[in-house]
Amino acid sequence: MSYWSRLDAIFFKEANEIKNKQYDYIVVGGGAYGTSFVHRILQLSPKSKILVLEKGDMLLPEHYQNLPPAYQSVFAETTAQPWVMSDSKYNVHGQVPFLGGRALYWNAWVPQPTPAQMVDWPQDVIDELKLEWHDVDTFIGRSTTIQVNGYTGEFHDVMRERLFTNLSKIPTSDYYDRASALDGAMATLNNNSNKAWQRFAPVNVLVNNITKYTQQIDVVLNCEAIGLDRSKLGISHIKTTKGKIEVGKAKVILALGVIEAITLTQPAFKENKLLGRNFIGHFRSQVLVRVPKEAAGVNNDLLQVAALYLSGMTLGREFHTHISCIYNPREEAQKDDLYRVIPDPTNLELYMDSDYIYLLLQSMAEIKGERTAQSANYIKATNDKTEIHFSLDKPELAVWDEIDKVLIQIAHVLANGSKVEYLQSNNTWSTKVPAISFMRDYNLIHEAGVMWMGNSAKDSVTDSWGKMHETNNMYVLGGALFPTCGSWNPTYTGMAMAYRLARKFSKK
Ligand SMILES: Cc1cc2nc3c(=O)[nH]c(=O)nc-3n(C[C@H](O)[C@H](O)[C@H](O)COP(=O)(O)OP(=O)(O)OC[C@H]3O[C@@H](n4cnc5c(N)ncnc54)[C@H](O)[C@@H]3O)c2cc1C
């Protein structure tokens, strides 16, 4: 028996073990939102019976940055794009079809949107999320400073102050009334007792719940939901790769990803002309910059990392920039520590020259949608394939030009007059701003919108709880519900919505 199949036998169930069992909730997808829902419903209603259907196997027990650096290479090999694009210039960042999903690899930026940014969201959702943020903070260990070996670092303060005092040089940035508002929040479990820096990932959460609530929760791996049977009340059966599952009195919670939710639901709800419309998300650019070490403004030789988050508006669109600042004065000696704490370790090998500080700057901006049956960008799924109809129009391309400029403005502000060098496509450093094709990522991220919330079936796909209007028993979690998505990273909001739904159910 292999190690993984032994783990399967300890923690997970086979399809024949769940036959004829009745559940309160059947959760499709064991990633970020499915796990948040399971965790919260068991906290609030410990007697709930839950079945989780997960398409994939157990791949990693943890977020890849909580494991040794060798695991970094696994990421590229484990993503899939089971859809076709209408315009081959673009794609959508791939799914991670394993327990834990995309959250095995996420960078863990967790900004909280302001009510003003949640344009056209139902007011009850905006109001009620206020009850959830705090508990989600505890759940994911939300923190605004990165500690390396327990030390927050003066580098963080130097960079933050520099950005704050020079905001007028970045004309599109929001107005900030205090420097601390620029701190980037991360889901790091930084606040646990031994101060170890742990990135939040769902697998441990699920496994902990399985062991704590042995009689309450069954998780079946390698069990892909491939179709839905409808009844008068909503969904009667879920067709899976391991056979048909009767829903009975359970509520079905879709937590399988945005495109995946359309792939599953659209063939069963062909008459719904809004389902799959309003395909929105973010496009993005990045530069990696190095600046002579003297620009760091600190005098010790400790590894320090700062994460800052600057939001703004340009040409009527929301955008924001993640700023990761790296001060690595001991080169290879601290590589493993750096890998663990840095928001995005993709370029780790490049951060090893102690004569420099490094700035990884990543901007993303919103793609606006149309909540009508005629929207230009949409997903169309049949039993055979899922097509994403997507292109960017001229105003959006103009926004992209603007957010590219912001990256350069921020680089100069943080360099504080020192020489700025950019990483080029041939892996050399030069003072020349890199070609646009190198800065831009044509894989869209944070896809959203296609099952947006609203008041009625005439102008939305789901109600403000995420229940599909046509059903009594099927709820959706995640970005699919967002009527608009601004530019903020969505996962913290999606988790707060999963918490809100669990609170609603636990009151009954
Ligand atoms: C590299 C990277 C960096 C990111 N960084 C950030 C960040 O810094 N901040 C942020 O807010 N967001 C970030 N994200 C996005 C974040 O990971 C997602 O928003 C979040 O994981 C979405 O949660 P989910 O539950 O919808 O999907 P997932 O976490 O992907 O989980 C979906 C689960 O459903 C399973 N599944 C799929 N189809 C089926 C099916 N048919 N039947 C059964 N199961 C199915 C999948 O295997 C998976 O386990 C990042 C994503 C990536 C890839």
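Notes on the structure in this doc start here.

1. Structural notes on the packing of aromatic side chains
Two measures describe an aromatic ring pair: the distance that separates the ring centres and the angle between the ring planes.
Right, on to step 1. Taken as a whole and judged by the stated rule, the model has 24 aromatic pairs.
Right, on to step 2. An aromatic cluster is present here, built from Tyr90, Phe279, Phe283, Phe390, Trp400 and Tyr442 joined pairwise through their rings.
Right, on to step 3. One residue, lysine 251, lies across the ring of phenylalanine 505, its end atom 5.1 Å from the ring centre.
Right, on to step 4. Sitting above the plane of the tryptophan 465 ring, arginine 500 keeps its charged end 3.8 Å from the centroid.

2. As for helix H6 (residues 133-140)
An α-helix turns once per 3.6 residues; consequently, residues spaced three or four apart project the same way.
Right, on to step 1. Listing the buried residues of H6 in full gives Trp133, Val136, Phe139 and Ile140. Within H6, the buried residues cover an arc of 115 degrees as seen down the axis, which keeps them to one side. Those residues of H6 that are exposed and angled more than 90 degrees off the buried face are His134 and Thr138.
Right, on to step 2. Of the surrounding secondary structure, the elements contacted by the buried residues of H6 are helix H3 (32-44), helix H5 (123-129), strand E5 (142-143), strand E6 (186-187), helix H8 (202-212) and helix H13 (491-506).
Right, on to step 3. With its phi angle positive at about 70 degrees, glycine 141 sits one or two positions after the end of H6.

3. Let's talk about the pattern of salt bridges
Right, on to step 1. Counted according to the given criterion, the structure contains 26 salt bridges.
Right, on to step 2. When the shortest N-O distance is used, the salt bridge between glutamate 260 and arginine 102 registers 2.9 Å. Taken together, the positions of glutamate 260 in helix H9 (residues 258-265) and arginine 102 in the loop between strand E4 (91-92) and H5 put the pair 158 residues apart, joining distant regions of the chain.
Right, on to step 3. Between aspartate 229 and lysine 239 there is a salt bridge whose closest N-O contact spans 3.4 Å.

4. A closer look at the sheet that holds strand E17 (residues 386-389)
Right, on to step 1. Strand order in the open sheet made by the three strands is E3-E17-E16, with mixed pairing throughout. Strand pairing shows two members of the sheet lacking a second neighbour, strand E3 (84-85) and strand E16 (378-381), which therefore form its edges.
Right, on to step 2. Pairing of E3 with E17 involves two bridges; the strand directions are parallel. Across the sheet, methionine 85 pairs through a bridge with isoleucine 388, a residue of E17.

5. As for the sheet that holds strand E7 (residues 217-220)
Right, on to step 1. The sheet built from five strands is open, its strands ordered E7-E2-E1-E11-E21 with parallel pairing. This sheet does not close on itself; its edge strands, each paired only once, are E7 and strand E21 (474-476). In this sheet, adjacent strand axes meet at a mean angle of 20 degrees when their direction is disregarded.
Right, on to step 2. Packed onto the sheet, H3 meets strand E1 (25-28), strand E2 (50-53), E7 and strand E11 (251-254) and runs at close to 155 degrees relative to E1.

6. Here we look at the site of the ligand
Right, on to step 1. As a structural note, the neighbourhood of the ligand is formed by 34 residues, with Glu54, Phe98, Arg102, Trp109 and Thr491 the closest of them.
Right, on to step 2. At 3.2 Å from an oxygen atom of the ligand is found a main-chain nitrogen or oxygen belonging to alanine 32.
Right, on to step 3. Lysine 55 places a main-chain nitrogen or oxygen 3.0 Å from a nitrogen atom of the ligand.
Right, on to step 4. Classifying every residue of the shell around the ligand gives 18 nonpolar, eleven polar and five charged.

7. Brief notes about the side chain of threonine 493
Right, on to step 1. Here threonine 493 shows up in helix H13.
Right, on to step 2. Relative accessible area serves as the criterion here: at 0%, threonine 493 is assigned to the buried category.
Right, on to step 3. With near-sequence residues (within four places) excluded, threonine 493 lies in contact with Pro113, Met118, Trp121, Leu129, Trp133, Phe482 and Trp488.

8. A short note on the nonpolar core
Right, on to step 1. Grouped together as the largest cluster of nonpolar side chains are 175 residues, with contacts concentrated most on Phe37, Leu163, Ile238, Tyr351 and Met451.
Right, on to step 2. Broken down by element, the residue count for this core peaks at eleven residues, all from helix H11 (residues 394-415).

What counts, and where the lines are drawn
- Residues numbered from 1 in each chain as written.
- Predicted model: local features only at pLDDT ≥ 70, side-chain atom pairs only at ≥ 80, totals over all residues.
- Heavy atoms only, no water.
- Phe/Tyr/Trp six-rings, centres within 6.5 Å; stacked < 30°, edge-to-face > 60°.
- Lys NZ or Arg CZ within 6 Å of the ring centre and 35° of its normal.
- Buried < 20%, exposed > 50% of the residue type's maximum accessible area, 1.4 Å probe, protein only.
- Helix = DSSP H or I, 4+ residues; strand = E, 2+ residues; numbered from the N terminus.
- Arc of directions from axis to C-beta.
- Contact = heavy atoms within 4.5 Å.
- Salt bridge = Lys/Arg side-chain N within 4 Å of Asp/Glu carboxyl O.
- Pairing = 2+ DSSP bridges.
- Axes fitted to C-alpha atoms, helices over the stretch in contact; angles between N-to-C directions.
- Near = heavy atom within 4 Å.
- Polar contact = N/O pair within 3.5 Å; in protein donor to acceptor, adjacent residues only side chain to side chain.
- Nonpolar A, V, L, I, M, F, W, Y, C, P; charged D, E, K, R; others polar.
- Core = buried A, V, L, I, M, F, W, Y, C linked by side-chain atoms within 4.5 Å.

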